[in-house]
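What follows is each chain in one-letter form.
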Amino acid sequence: MAESKDFVSVDMEKIYLGGKEYHVRTGRGSVSVIVYGDQDKPALITYPDLALNHMSCFQGLFFCPEAASLLLHNFCIYHISPPGHELGAAPICPNDPVPSVDDLADQIIEVLNFFGLGAVMCMGVMAGAYVLTLFAMKYRERVLGLILVSPLCKAPSWTEWLYNKVMSNLLYFYGMCGLVEEFLLQRYFSKEVRGTAEAPESDIVQACRKLLEERQSTNVLRFLQAINRRPDLTSGLKRLRCRTLVFVGDNSPFHSEALHMISKLDKKFSALVEVQACGSMVTEEQPLAMLIPMGYFFMGYGLYKPCQFSGSPRSPLSPSCISPELLSPESMGLKLKPIKTRVSL
């Protein structure tokens, strides 16, 4: 498949805790990319879910010391935001055409070409996982591996389609109102951290709520419309040849979709990690549950040695919690097998 090369130029210069923001102008609109780390290292790109960006979707994972030693030691991180989802984004002109999911995937190849990147590791959450899976199908030679968190892969069910239409109408008429925020928080987090009448909502939910209030409703609506028109990727999953590690929270509304996806992926190249007592956004709700599985996943690429990992007393995982299949060199080296890893709190 021919690769698009119609990007134009880049604007830079915001600094985020050691990262630098670039606005890459592509043939399908401007894309914000925040780069952390040494650009001579292998690249890991991230893509967040609806109404999120790197601060609200990946901060919990990337800012904990264990993840910093694992990820930043091995990779340069390129956080790609959906159009208009970056911090401080202005409203996108309403006359601009709403992008399709194919347009979003094609923007990624233009970003990679701009930075001169070859094959990259990819990490996506929910809708972002869908976009990166589509990207991997369209540009197979540019993807080393996929780390997907509560991924979508099918076309919307009638229930999801209707739910998204209600949210679209609320965004159109009322903006980022309280009801839209509640819909989104239910999408992201388990009931336990969202709070009850007896217990207040957790700090991560409060922080996410504050960041949602800063989103431009028109920009969120455009991404939602693209995702609500997405095609089913099921038929192409067997043809993926990159290794794929899927995480999903037991309480995620997309739990069944993740199980469907893992059942359709080639069993030689895929593995499943289920996290108990967790919603969709494992990266924020239980980021430490991702570290050991990712460490052994990266070992298959020669990027991470298990002897470098020291267990943290704050981690809900220890090697005894991991299925022996996941620790097998065969499983996480040349082959990956579909497994279920239960995480006990």
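So, how was this worked out
Residues numbered from 1 in each chain as written. Predicted model: local features only at pLDDT ≥ 70, side-chain atom pairs only at ≥ 80, totals over all residues. Heavy atoms only, no water. Salt bridge = Lys/Arg side-chain N within 4 Å of Asp/Glu carboxyl O. Helix = DSSP H or I, 4+ residues; strand = E, 2+ residues; numbered from the N terminus. Buried < 20%, exposed > 50% of the residue type's maximum accessible area, 1.4 Å probe, protein only. Patch = residues over 30% accessible without salt bridge, like charges linked within 9 Å, V, L, I, M, F, W, Y side chains within 5 Å. Areas by Shrake-Rupley, 256 points an atom, 1.4 Å probe, with all protein chains shown as cover. Pairing = 2+ DSSP bridges. Core = buried A, V, L, I, M, F, W, Y, C linked by side-chain atoms within 4.5 Å. Contact = heavy atoms within 4.5 Å. Expected span 1.5 Å × (residues − 1). pLDDT = per-residue confidence, 0-100.

Across all of its chains, the model carries 12 salt bridges by this definition. Between aspartate 102 and lysine 138 there is a salt bridge, and its shortest N-O distance comes to 3.1 Å. In this pair, aspartate 102 is assigned in helix α4 (residues 101-115) and lysine 138 in helix α5 (residues 127-138), connecting sequence segments 36 residues apart. Residue class for aspartate 102 comes out partly exposed when judged on its relative accessible area of 31%. A residue is classified by how much of its surface remains accessible, and lysine 138, at 16% relative accessible area, is buried. A salt bridge links glutamate 181 to arginine 209, with the shortest nitrogen-to-oxygen separation between them at 3.6 Å. Here the residue glutamate 181 occupies a position in helix α7 (residues 178-188), and arginine 209 occupies one in helix α9 (residues 203-213), the gap between them amounting to 28 residues. One connected set of salt bridges, linked through shared partners, spans Arg28, Asp102, Asp103, Asp106, Glu110 and Lys138.

What follows covers a nonpolar patch on the surface. A surface patch of nonpolar side chains, amounting to about 470 Å² of accessible area, comprises Trp158, Trp161, Leu162 and Val166. When you line up the elements, tryptophan 158 lands in helix α6 (residues 158-174).

Our next topic: the pairing of strand β3 (residues 29-36). Most of β3 is tucked away: six of the eight residues are buried. The pairing of strand β2 (residues 19-26) with β3 spans seven bridges and is antiparallel. Each residue of the ladder has a partner; that of lysine 20, found in β3, is valine 35. Counted along the chain from β2 to the antiparallel partner β3, the turn is two residues long. Examined bridge by bridge, β3 and strand β5 (residues 76-80) share four bridges and lie antiparallel to one another.

Attention now moves to the nonpolar core. Within soluble globular proteins, side chains that are nonpolar tend to cluster in buried spots. Formed by 108 residues in total, the largest nonpolar core has its most connected members in Tyr188, Met294 and Phe298. Here this core gets nine residues from one element, more than from any other, and that element is α5. Contact partners of tyrosine 188, with chain neighbours within four places excluded, come to Asp49, Leu50, Ala51, Leu52, Met126, Cys208, Leu212, Gly279, Ser280, Met281 and Glu285.

With 12 residues, α5 extends 17 Å from end C-alpha to end C-alpha; this agrees with the ideal 16 Å at 1.5 Å per step. Residues Ala127, Gly128, Ala129, Tyr130, Val131, Leu132, Thr133, Leu134, Phe135, Ala136, Met137 and Lys138 constitute the buried set of α5.

When pLDDT drops low, the exact placement of atoms in the prediction is not to be read closely. Scored by pLDDT, the protein has a mean of 85; 82% of the residues are at 70 or more. A low-confidence stretch, residues 1-16 (pLDDT under 50), is modelled with 49 contacts involving residues beyond four sequence positions or located in other chains. With pLDDT under 50 throughout, residues 306-345 is counted as low confidence; its partners more than four residues away or in other chains account for 96 contacts.

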